[in-house]
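Geometric and topological summary
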Amino acid sequence: MDISQFKPAIVYTIYIASTPEKVWQALTTAEFSRKYFSGFAVEAELKVGGAFVARAPDGSVHIGGEVIECDPPKKLTITWNVNWPALVEKLGVTLVTYEIEQAGDAVKLTLIQAHDRPIDDDILSGGRQGWPAILSSLKSLLETGEALTIKMEPPQRMLAALKKMGIATP
Amino acid sequence: MSKPEFVYVTYIETTPEKLWEALTKSEFSERYWWGTKILSTWKVGSPFALEWRGTVTDTGVIVEADPPRRLSYTWSNASEEFRNERPSRVTFVLEPYGKLVKLTLTHEDFEQDSKMLQGISKGWPAIMSSLKSMLESGQALDVPLAALKIEGVE
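All chains use their own residue numbering, which begins from 1 and follows the written sequence. As they are written, the chains are lettered A onward and the ligands numbered 1 onward, keeping that order. Restriction of local features to residues with pLDDT of at least 70 applies here, the model being predicted, together with a cutoff of 80 or more for giving and counting side-chain atom pairs; totals for whole chains, interfaces and linings are based on all residues.

This part takes up the packing of helix α1 (residues 16-24) of chain B against helix α3 (residues 115-137) of chain B. Residue and element names in this part refer to chain B. Lines are fitted to the C-alpha atoms to define the axes, a helix being fitted only along its stretch in contact, and any angle between axes, read from their N-to-C directions, falls within 0 to 180 degrees. Counting from the N terminus, the helices are DSSP H or I runs at least four residues long and the strands are E runs at least two residues long. Axis separation between α1 and α3 bottoms out at 11 Å; the angle between their running directions is 130°. Taken as axis vectors, α1 and α3 run oblique relative to one another. Note that α1 runs across α3; the crossing there is right-handed. Where α1 abuts α3, its residues K18, L19 and A22 lie against L131, M134 and L135. Three residue categories are used. Nonpolar comprises Ala, Val, Leu, Ile, Met, Phe, Trp, Tyr, Cys and Pro, charged comprises Asp, Glu, Lys and Arg, and polar comprises the others, including Gly. Broken down by class, the residue content of the contact of α1 with α3 amounts to five nonpolar, no polar and one charged. Angular relationships are summarised with four words: roughly parallel below 35 degrees, roughly antiparallel beyond 145, roughly perpendicular across 65 to 115, and oblique for the angles in between. By the definition used in this description, the sense in which the near helix is turned from the far one sets the handedness, with an anticlockwise turn below a right angle giving left-handed and a clockwise turn giving right-handed. The contact criterion used here is simple: two residues whose C-beta atoms, placed from the backbone, lie within 7 Å are in contact.

This is the structure we're talking about:
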């Protein structure tokens, strides 16, 4: 897949008292993701072209994608498509990159959500709301052993914008 | 063109009162902000200053102070590189969120193509991450300033 046309729409950086290996493990395994990511189980086949899935607690696929770049424990790029009918057809593919760097005794984790076309702010509000919650919780889990309990619903403005575009949401 | 501003949200397992203290007292800021002292009486209209290694690096005025919910101050950097830029504005909003606090930082009122905006966009994530660590684990982060790769800062 050619990703040269994708431009960052959301960038979020967080520093974590951990190692690059542990951050990588937390991002790519269900054992960790279930704790910090609303109970979702991440299943990643860690090679280019491998499958990437985030499964809801009921076993259904919530996010489906493919591994585009895989350089453990430094960089992982995946396609990240929420499993709502017509979403990819109308919005194109969503690309997510995690960059992991040592920063002194800590780790700098940068999340980049990119798209190959301009995306409305109302639709991006989902990622702008979700990523800080997910990554704040991941940081707490790695530093204190306890993830955060952050209950949230998708933003109304995002749901309204998706509906207007003919994208069905649950 | 999008508005020249930086917004950062984080969730912290603490109370709004403890977070407010951490945002307004040097005994805390020195731990999570590379030894920076944060100086003000925190009354609307009173001066605000950051002091690092005995030198005042940034100054401003308190615009809003509603403990433990909202804090806002203007911000001018004293260094040669940035002092020609107009003052920007920092606002912290603290919202209880279940057992957590949702902290939203907005740093805005920059000129288009502001160099200051590039610098603070790299600085705030490290400062806010360290603040969260300090409040949750008791241990602030040890991230060297150089690791932020801010132009002109080593």
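Moving on from the model shown.
Residues and elements named next belong to chain B. The strand order across the open sheet built from seven strands is β1-β7-β6-β5-β4-β3-β2, with neighbouring strands paired in antiparallel fashion. What marks the edges here is a single partner per strand, and that holds for β1 (6-12) and β2 (37-40). Here the average twist between neighbouring strands, direction ignored, is 25°. Strand direction decides the pairing type here: β2 and strand β3 (residues 47-52), joined by four bridges, are antiparallel. Note that in β3 the partner of I38 across the bridge is L50. Taken strand by strand, α3 contacts β1, β5 (70-77), β6 (88-97) and β7 (100-108), and its axis lies near 5° from that of β1. If DSSP finds at least two bridges between two strands, the strands pair.

Further remarks concern unusual backbone geometry. The omega torsion across A:P72 and A:P73 is -5°, close enough to zero to call that bond cis. Mapped onto the elements of the fold, A:P73 is located in the loop between β4 (61-71) and β5 (75-79). A cis amide bond, omega -5°, links B:P67 with the succeeding residue B:P68. Tracing the sequence through the fold places B:P68 in the loop between β4 (55-66) and β5. The backbone of B:W42 sits at a positive phi, close to 60°, despite the residue not being glycine. Exposure is read from a count of other C-beta atoms within 10 Å of each residue's own; the residue is exposed at 12 or fewer, buried at 20 or more and partly exposed in between. C-beta atoms are placed from the backbone. Looking at B:W42, the number of C-beta atoms within 10 Å reads 17, which means it is partly exposed. Residues other than glycine seldom take positive phi values, yet B:R53 does so here, at roughly 50°. For B:R53, the position within the fold is in the loop between β3 and β4. Given 9 C-beta atoms within a 10 Å radius, B:R53 is considered exposed.

With that settled, consider the interface of chain A and chain B. Across the contact, 20 residues belong to chain A and 21 residues belong to chain B. When contributions to the side of chain A that touches chain B are tallied by element, the ones reaching two or more residues are β1 (7-16), β8 (106-115) and α4 (121-144) of chain A. Element by element, the count of residues in the side of chain A that touches chain B is highest for α4(A), at seven residues. Residues of the side of chain A that touches chain B, tallied by class, amount to nine nonpolar, six polar and five charged.

Turning our eyes to something else, we now look at α4(A). Between its terminal C-alpha atoms α4(A) stretches 34 Å, which fits the 34 Å expected from 24 residues at 1.5 Å a residue. Directly beyond the C-terminal end of α4(A), a positive phi value near 85° is found at A:G145. Each residue after the first adds 1.5 Å to the expected span of a helix.

Attention now moves to the pairing of β4(A). All names here are of chain A. Taken together, the five bridges between strand β3 (residues 51-55) and β4 define a ladder with antiparallel strand orientation. From the neighbouring strand, F52 faces β4, where its bridge partner is G65. Pairing of β4 with β5 involves four bridges; the strand directions are antiparallel. If you follow C70 over to β5, its bridge partner there is L76. Connecting β4 to the next strand, β5, in antiparallel fashion are three residues.

Residues and elements named next belong to chain B. Counting through the fold element by element, R70 comes out in strand β5. When the 16 C-beta atoms within 10 Å are taken as the criterion, R70 is described as partly exposed. Taking C-alpha positions, R70 is 8.9 Å from W20, a pair spaced 50 residues apart along the chain. Not counting residues within four places of it along the chain, the set of residues in contact with R70 comprises E64 and V93.

Another point: the pairing of β3(A). Residue and element names in this part refer to chain A. Because side chains alternate across β3, one face comprises the buried residues F52 and A54, and the other comprises A51, V53 and R55, none of which is buried. Note that strand β2 (residues 41-44) and β3 share four bridges and pair antiparallel. From the neighbouring strand, A44 faces β3, where its bridge partner is F52. Count of turn residues in the β2/β3 antiparallel hairpin: six residues, of which G49 carries a positive phi of about 90°.

Keep in mind these values describe shape, not function.
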